[in-house]
Amino acid sequence: MSRTRYTRRLPAAAVVAGLALALAACGSEGTGAGAAPAASADKLDPNADLKKQSLNITIWDGYSPKDLPTKVEQKLGFPIKIAIHDTNETAMAKLTGSPDNGGFDVAFVSGQYAQALNEQGLLEPLHHELIPNLANLYPEASELSYDKGNKFSVPYTWGTTGICYRSDLVKTAPTSWNDILNPAPEYNKKVTMMTTERWLALPALKSLGYSINTADDGQIAKAKDLLLKAKSHLLAYDDTTFGDRLKSGEAVMAEAWDGWCPENEKNIKFTVPKEGSDLWADTMVILKTSKNKEAAHAFINYILDPEIHSWLSENIMYKAPNKAAMEKVNPATLQSFPSLKLSPADLLQGESIIDLGADSTKYTRLATEVAAQQ
């Protein structure tokens with residue numbers, strides 16, 4: 001079993017760039033979750049000769065098997081080229097920086113970014129009849145608020161955010177976001193939080209009973225005050241190496257994405273605080289400018305094959321929103337990483353992160369001000 005580390009969201013060093021600036025580059029006005037694309041769906045040929053097509057795909061490093069191009073060509077008969085992006089922002093720059101969307105046919109981006117691309121009319125509405133393996137998805141996978149009904153995106157993986165902690169180094173297991181925002185004195189300077197904008201704000205917003213998608217200035221101001229008070233108690237802001245800090249004992253609690261909590265290590269556990277959390281998803285989308293749309297649909301259908309999609313949970317410890325795939329995951333893997341067993345019903349208790357359009361700048365400003373505070 002391998003466990004690849006990759007930066008699937010905005011790293012701390014780039015926090016001031018933020019979602020808002022990425023969307024500004026493509027001119028998003030934030031017209032709302034699931035907005036209809038500007039252009040209608042192309043008419044596709046279900047009997048197209050796929051051997052005459054090819055695909056260019058952009059995806060996070062380590063987010064698919066290394067032999068995927070070989071497998072796809074053997075199974076479907078067309079070649080694929082895979083380009084790597086390190087963050088959603090990098091992907092957005094690729095996709096919005098030229099009239100042909102960088103020449104890409106398929107892109108892997110997080111849900112709110114898929115929403116933003118769709119609102120700009122850059123995505124091909126999905127032809128469900130060409131993706132029969134959609135039937136393998138959990139019913140809940142069509143209820144994500146940024147794209148209800150999977151009109152323009154197919155979720156590839158999903159999860160939540162919580163507290164990863166050392167059960168042997170805390171007297172009581174954490175149950176609240178306040179356990180890291182205002183830790184007990186003995187845990188001072190032994191707690192980490194994230195700097196990625198929406199996830200920096202998440203613990204404070206949830207502890208105050210607010211939506212993680214709020215654009216209310218007063219609520220965001222209260223969250224900022226709470227984050228500034230919490231800053232003095234932190235060991236570090238850490239989006240990527242908190243697992244290592246927990247393993248060494250340097251940290252005892254960390255805000256973490258479920259798949260990045262090293263639960264296979266002795267005494268390291270993951271919990272979702274009682275105030276609730278998010279439901280994030282990474283998706284597959286087809287660009288409107290693609291000249292290989294039949295192949296793109298066939299590729300997505302192939303990924304949704306249970307034998308292929310289950311690779312996620314066996315290798316990067318993220319949950320696939322694919323019931324048939326999750327049923328194929330090795331029981332030993334599920335035992336080592338209990339958060340893999342979170343049910344779709346559990347996940348749907350969290351809020352889907354959506355694109356806020358122009359209001360995203362409020363979170364950029366929040367993160368910048370918190371980072372600047374001494």
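Just above, that's the structure.
A brief look at the structure comes next. (Residues numbered from 1 in each chain as written. Predicted model: local features only at pLDDT ≥ 70, side-chain atom pairs only at ≥ 80, totals over all residues. Heavy atoms only, no water.)

## Focus: the side chain of Asn322
To keep it simple, the criterion reads: Helix and strand assignments come from DSSP, with helices taken as H or I runs of at least 4 residues and strands as E runs of at least 2, each series counted from the N terminus. Any N or O atom pair separated by 3.5 Å or less is treated as a polar contact, with the protein-specific requirement of one donor-capable and one acceptor-capable atom, and with residues adjacent in sequence counted only for side-chain atom pairs. Whether two residues are in contact is decided by their heavy atoms: any pair within 4.5 Å suffices.
Mapped onto the elements, Asn322 comes out in the loop between α11 (311–315) and α12 (323–326). One polar contact links the side chain of Asn322 to the main-chain carbonyl oxygen of Leu304, over a distance of 2.9 Å. Each residue touching Asn322, except ones within four places of it in the same chain, is listed here: Asn136, Leu137, Tyr138, Leu304 and His309.

## Some thoughts on the pattern of salt bridges
The criterion, for reference: By convention in these notes, a salt bridge is any Lys or Arg side-chain nitrogen within 4 Å of a carboxyl oxygen on Asp or Glu. Think of it in three bands: residues with accessible area under 20% of the maximum for their type are buried, residues over 50% are exposed, and the middle band is partly exposed, with areas taken using a 1.4 Å probe on protein chains only.
This model, assessed by the stated rule, comprises 14 salt bridges. The salt bridge involving Lys288 is made with Glu124; its shortest N-O contact spans 3.1 Å. Taken as a pair, Lys288 in the loop between β10 (278–286) and α9 (293–303) and Glu124 in the loop between α4 (111–119) and β4 (154–159) lie far apart in primary sequence, 164 residues in all. For Lys288, a relative accessible area of 15% gives the class buried. Each of the salt bridges in this network shares a partner with another, and the network as a whole consists of Asp217, Asp359 and Lys362.

## A few points about the nonpolar core
Defined as follows: Take the buried Ala, Val, Leu, Ile, Met, Phe, Trp, Tyr and Cys residues and link them wherever side-chain atoms come within 4.5 Å; each set so joined is a nonpolar core.
Formed by 91 residues in total, the largest nonpolar core has its most connected members in Leu55, Phe108, Met253 and Phe299. At seven residues, α9 tops the list of elements feeding residues into this core. Apart from residues no more than four positions distant in its own chain, Phe108 is found in contact with Ile57, Thr58, Ile59, Trp60, His85, Tyr156, Thr283, Met284 and Phe299. Ala91, Met92, Val109 and Ala114 belong to the second largest nonpolar core, which has 15 residues in total.

## Focus: helix α15 (residues 360–372)
Stated precisely, the cut-off is as follows: Any helix carries an expected span of 1.5 Å times its number of residues minus one.
With 13 residues, α15 should reach 18 Å at 1.5 Å per residue; the first-to-last C-alpha distance of 19 Å fits that figure. When we look at burial in α15, the residues that qualify are Ser360, Lys362, Tyr363, Thr364, Leu366, Ala367 and Val370.

## Considering the packing of aromatic side chains
We count it as follows: Stacked, edge-to-face and tilted labels apply to pairs of Phe, Tyr and Trp rings (six-membered ring for Trp) whose centres lie within 6.5 Å, assigned for plane angles under 30 degrees, over 60, and everything in between, in that order. Lysine and arginine charges are scored as sitting over a ring when NZ or CZ, respectively, is within 6 Å of the ring centre and within 35 degrees of the ring normal.
In this structure the tally under the stated criterion is nine aromatic pairs. Taking 6.4 Å as the distance between ring centres and 80 degrees as the angle between the ring planes, the aromatic pair formed by Phe108 and Phe299 counts as edge-to-face. Here Phe299 lies in helix α9 and Phe108 lies in strand β3 (residues 106–110), a separation of 191 residues in the sequence. Look at Phe108 and you get buried, because its relative accessible area is 1%. Here the aromatic rings of Trp257 and Trp260 are separated by 5.6 Å at their centres, their planes lie at 90 degrees, and the arrangement is edge-to-face. Classification of Trp257 by relative accessible area gives buried; the value is 2%. Counting every residue linked through ring pairs, the aromatic cluster contains Trp60, Tyr63, Phe108, Tyr156 and Phe299. Between Arg198 and the ring centre of Tyr363, over which it is positioned, the NZ or CZ distance is 5.1 Å.

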